2 protein chains.
Amino acid sequence: MAKELVFGHQNPDTDAIAAAIAASYYLNQKGMDTEAVALGKTNDETNFVLDYFSVEAPRVIEKADTKEVVLVDHNETAQSVSNIEDLTVTHVFDHHKIDFKTSSPLFYHAEALGSTSTILYGFFKKDGIEIPKKIAGLMLSGLISDTLLLKSPTTTNVDRDVIGKLASIAGVDDVNAYGLNLLKAGTNLSKKSEQD
Amino acid sequence: MAKELVFGHQNPDTDAIAAAIAASYYLNQKGMDTEAVALGKTNDETNFVLDYFSVEAPRVIEKADTKEVVLVDHNETAQSVSNIEDLTVTHVFDHHKIDFKTSSPLFYHAEALGSTSTILYGFFKKDGIEIPKKIAGLMLSGLISDTLLLKSPTTTNVDRDVIGKLASIAGVDDVNAYGLNLLKAGTNLSKKSEQD
Ligand SMILES: [Mn+2]
Ligand SMILES: [Mn+2]
Ligand SMILES: [Mn+2]
Ligand SMILES: [Mn+2]
């Protein structure tokens, strides 16, 4: 069993799942021993993404059974794992407003960018760690999902730059077409039309 | 007047002053318009450092008169500027435990390293921004002060690596001798012997 679990918020969206998998891979490359897990079942949009890049959904946990954990795509206790108060958070990678309190120093990195996936791209780059093709696909999808294909007001120039870099590593030639399919997979519309 | 003020905690120590000056310089190189200030008079140790590297003490403020501010070497409201609740924090660079709440996303970087100066060295390096000799001297001093010349239990391998790099940029050949003089300047012992 890994020494630390890495997870996004409850009711995980695509960025929460992608960032957990990407951060776990990144930290393991840096010598840590982590496993990406999820605080709930993946949604329809994320299932489309996992299918597309042939990646298994992370296992769903109710409680963390490691003493130390890594939070991605959230920081607030109410959005985290049920036993968070008993755990030590060693790292946070996030892009949300902060409501966070700890009793010891830790690694905490937040930036007001469109997605946690965008932030993690910067860490891979800074440390010269290659992003595997499938993980780049997940990160691309987290970025597309959170920014609604660069249309949301939270979109920054960094996101506009990183989306092409991730698409290229992931081998996604038509980001627009892929992004629209991804967003459609998450709407009720697509559910209805599949059922009809 | 600068658009944003950058400051360390009340009762500033050498790392709080050094990190404010270094972070302000770093952010200005990145295109921001900031000024380093202090939330109190510099202490004897810091005065020794400022003297040694011929740097003026940052001006002391009671309240911040910019809407946006950058916090270094602290994050908790009780340690910050008196009107912090009315301000927007855009960046935090720190190495302490966290007790922080905001209403919007921001840039927040904390690591469990020996000093905020050590953390800032990493940002200069990552972005390929050259550290001016005098600022390297201040950062070296912040690192020495916080880690008691690498003797404190908060000292990490990163600090052990960065101290030599900063000393070399600052032109300090004998770090040990310089560090002992710095620490002595901060003790009552040195005050007494000067008076006697
Ligand atoms: Mn999310
Ligand atoms: Mn997100
Ligand atoms: Mn301090
Ligand atoms: Mn400090």
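Along each chain, residues carry numbers from 1 onward, in the same order as the chain's sequence is written. Written order decides the labels, with chains lettered from A and ligands numbered from 1. Only residues with pLDDT of 70 or above have their local features reported here, since the model is predicted, and side-chain atom pairs are shown and tallied only from 80 upward, although totals for entire chains, interfaces and linings are computed over all residues. The side-chain figures draw on all heavy atoms in the structure; neither hydrogens nor water molecules are used.

Undergrad: Tell me about the relation of the copies chain A and chain B, and name the residues and values.
TA: For the pair of chain copies, the relating transformation is a rotation about an axis with a translation along it. For the pair chain A and chain B, the relating rotation is 180°, the translation along its axis is 0.0 Å, and the fit reaches an RMSD of 0.0 Å. Read as a symmetry element, the transformation amounts to a two-fold axis. Taking C-alpha positions as reference, the residue of chain A nearest the rotation axis is His109(A), located at 2.3 Å. Note on definitions: a residue-residue contact is assigned when non-hydrogen atoms from the two residues lie within 4.5 Å. The fraction of interface residues of chain A whose copies in chain B are also interface residues reaches 100%, indicating that both copies meet through the same surface. Least-squares superposition aligns the copies on the C-alpha atoms of those residues with pLDDT at or above 70 in both.

Undergrad: How would you sum up the coordination of the manganese ion (ligand 1)? Please name residues and give values.
TA: Residue and element names in this part refer to chain A. Taken together, the protein ligands of the manganese ion (ligand 1) are His9 (NE2), Asp13 (OD), Asp13 (OD) and Asp73 (OD), with distances of 2.1 to 2.7 Å. Any nitrogen, oxygen or sulfur atom within 2.8 Å of a metal ion counts as a donor, with the limit raised to 3.2 Å for Na, K and Ca, and since water is left out, coordination shells can look unfinished. In terms of primary sequence, the donors binding the manganese ion (ligand 1) are separated according to H-x3-D-x59-D. Between the manganese ion (ligand 1) and the manganese ion (ligand 2), both coordinated by aspartate 73, there is a metal-metal distance of 3.5 Å. Of the two residues, aspartate 13 sits in the loop between β1 (4-7) and α1 (14-29) while aspartate 73 sits in the loop between β3 (68-72) and β4 (88-94), which places them 60 residues apart along the sequence. Counting from the N terminus, the helices are DSSP H or I runs at least four residues long and the strands are E runs at least two residues long.

Undergrad: Any details on unusual backbone geometry? Residues and values, ideally.
TA: Residue and element names in this part refer to chain B. The backbone of asparagine 11 shows a phi angle near 45°, a positive value even though the residue is not glycine. Within the secondary structure, asparagine 11 sits in the loop between β1 (4-7) and α1 (14-29). Under the relative-accessibility criterion, asparagine 11 is labelled exposed at 68%. In this model, leucine 148 sits at a positive phi of 50°, which is unusual for a non-glycine residue. Tracing the backbone through its elements, the reader meets leucine 148 in the loop between α4 (133-147) and α5 (157-170). Burial classes: relative accessible area under 20% of the type maximum marks a residue as buried, over 50% as exposed, and values in between as partly exposed (1.4 Å probe, protein chains only).

Undergrad: So, the side chain of Thr118(A): which residues are in play, and what are the values?
TA: Residues and elements named next belong to chain A. When you line up the elements, threonine 118 lands in helix α3 (residues 116-126). On the accessibility criterion, threonine 118 (2% relative accessible area) is buried. Once residues lying within four places of it in the same chain are set aside, the contact partners of threonine 118 are Leu113, Leu143, Val158, Asp159 and Val162.

Undergrad: Lay out the pattern of salt bridges with the relevant residues and their values.
TA: Any carboxyl oxygen of Asp or Glu within 4 Å of a side-chain nitrogen of Lys or Arg constitutes a salt bridge here. Throughout the structure, instances matching the rule amount to 14 salt bridges over all chains. Put simply, Arg59(B) and Glu35(B) hold a salt bridge, and the shortest N to O gap is 2.9 Å. Separated by 24 residues along the polypeptide, Arg59(B) in the loop between α2 (44-52) and β3 (68-72) and Glu35(B) in strand β2 (residues 34-36) bring together distant segments of the chain. Owing to a relative accessible area of 37%, Arg59(B) belongs among the partly exposed residues under this scheme. Relative accessible area serves as the criterion here: at 24%, Glu35(B) is assigned to the partly exposed category. Salt bridges here are not isolated pairs; linked through shared partners, they connect Lys30(A), Lys126(A) and Asp127(A).

Undergrad: How would you explain the layout of surface pockets if you had to name every residue and give the values?
TA: All names here are of chain B. Approximately 290 Å³ is the volume found for the second largest pocket. Every element with two or more residues in the lining of the second largest pocket is listed here: β4 (88-94) and β5 (99-101). Looking at the lining of the second largest pocket, the element that brings in the most residues is β5, giving three residues. Residues were grouped as follows: Ala, Val, Leu, Ile, Met, Phe, Trp, Tyr, Cys and Pro as nonpolar; Asp, Glu, Lys and Arg as charged; and all remaining residues, including Gly, as polar. Tallied by class, the residues present in the lining of the second largest pocket amount to seven nonpolar, six polar and three charged. Only protein atoms enter the 1 Å grid used here, on which a cavity is any set of points holding a 1.4 Å probe that cannot leave and a pocket is any open set flanked by protein within 12 Å on both sides along at least five of seven lines; residues with an atom within 4 Å of a point are listed as lining. Grid points are joined across faces, edges and corners, and a volume is the space filled by probe spheres set on the points.

Undergrad: Tell me what's going on with helix α2 (residues 44-52) of chain A, and back it up with residues and numbers.
TA: All names here are of chain A. Taken together, the buried positions of α2 are Glu45, Thr46, Val49 and Leu50. Buried residues of α2, viewed axially, fall in a sector of 135°; they line one side. Contacts from the buried residues of α2 go to α1, α4 (133-147) and α6 (175-185). The N-cap of α2, judged by a side-chain oxygen 3.1 Å from the amide nitrogen of glutamate 45 a few residues on, is asparagine 43. Each direction from the helix axis to a C-beta atom contributes to the arc, which is the arc of those directions. Any pair of N or O atoms that falls within 3.5 Å is considered a polar contact. Within protein, one atom must be able to donate a hydrogen and the other to accept it, and sequence-neighbouring residues count only if both atoms are side-chain atoms.

Undergrad: Give me the lowdown on the coordination of the manganese ion (ligand 2), citing residues and values where you can.
TA: Coordination sphere of the manganese ion (ligand 2), protein contribution only: Asp15(A) (OD), Asp73(A) (OD), His95(A) (NE2) and Asp146(A) (OD), at 2.1 to 2.2 Å. Sequence positions of the residues that donate to the manganese ion (ligand 2) give the spacing D-x57-D-x21-H-x50-D.

Undergrad: So what's going on with the packing of α3(A) against α4(A)? Residues and values would help.
TA: Residues and elements named next belong to chain A. Fitting a line to C-alpha atoms yields each axis, with helices limited to the stretch in contact; the angle taken between N-to-C directions then spans 0 to 180 degrees. The interhelical angle for the contact between α3 and α4, taken along N-to-C directions, is 140°, at an axis separation of 8 Å. One finds that α3 runs oblique with respect to α4. Contacts between α3 and α4 involve Ser117, Thr118, Leu120, Tyr121 and Phe124 from the first element and Met139, Gly142 and Leu143 from the second. Looking at the contact of α3 with α4 residue by residue, the classes come out as five nonpolar, three polar and no charged. Throughout, the term roughly parallel applies to angles under 35 degrees, roughly antiparallel to angles over 145, roughly perpendicular to angles from 65 to 115, and oblique to all others.

Undergrad: Report on the interface of chain A and chain B, specifying residues and quantitative values.
TA: Frequently, the measure chosen for interface size is the accessible area that the parts lose on association. Contacts between the two partners involve 19 residues from chain A and, on the opposite side, 19 residues from chain B. Carbon and sulfur atoms make up 60% of the area that chain A and chain B hide from each other, which totals about 1,600 Å². The interface formed by chain A and chain B includes two salt bridges. Linking Lys101(B) and Asp99(A) is a salt bridge whose minimum nitrogen-to-oxygen distance equals 3.6 Å. In this assembly, chain A and chain B are joined by six residue pairs in polar contact (both at pLDDT 80 or more). Listing elements by their share of the side of chain A that touches chain B, those giving two or more residues are β5 (99-101) and β6 (107-110) of chain A. As a working definition, buried area equals the accessible area (1.4 Å probe) given up by two parts on being put together, with both sides summed.

Undergrad: Any chance you could break down the environment of Gly142(A) for me, citing the residues and the numbers?
TA: Residue position: Gly142(A) is located in helix α4. Residues Gly142(A) and Gly128(A) lie 14 residues apart in sequence; the distance between their C-alpha atoms is 21 Å.

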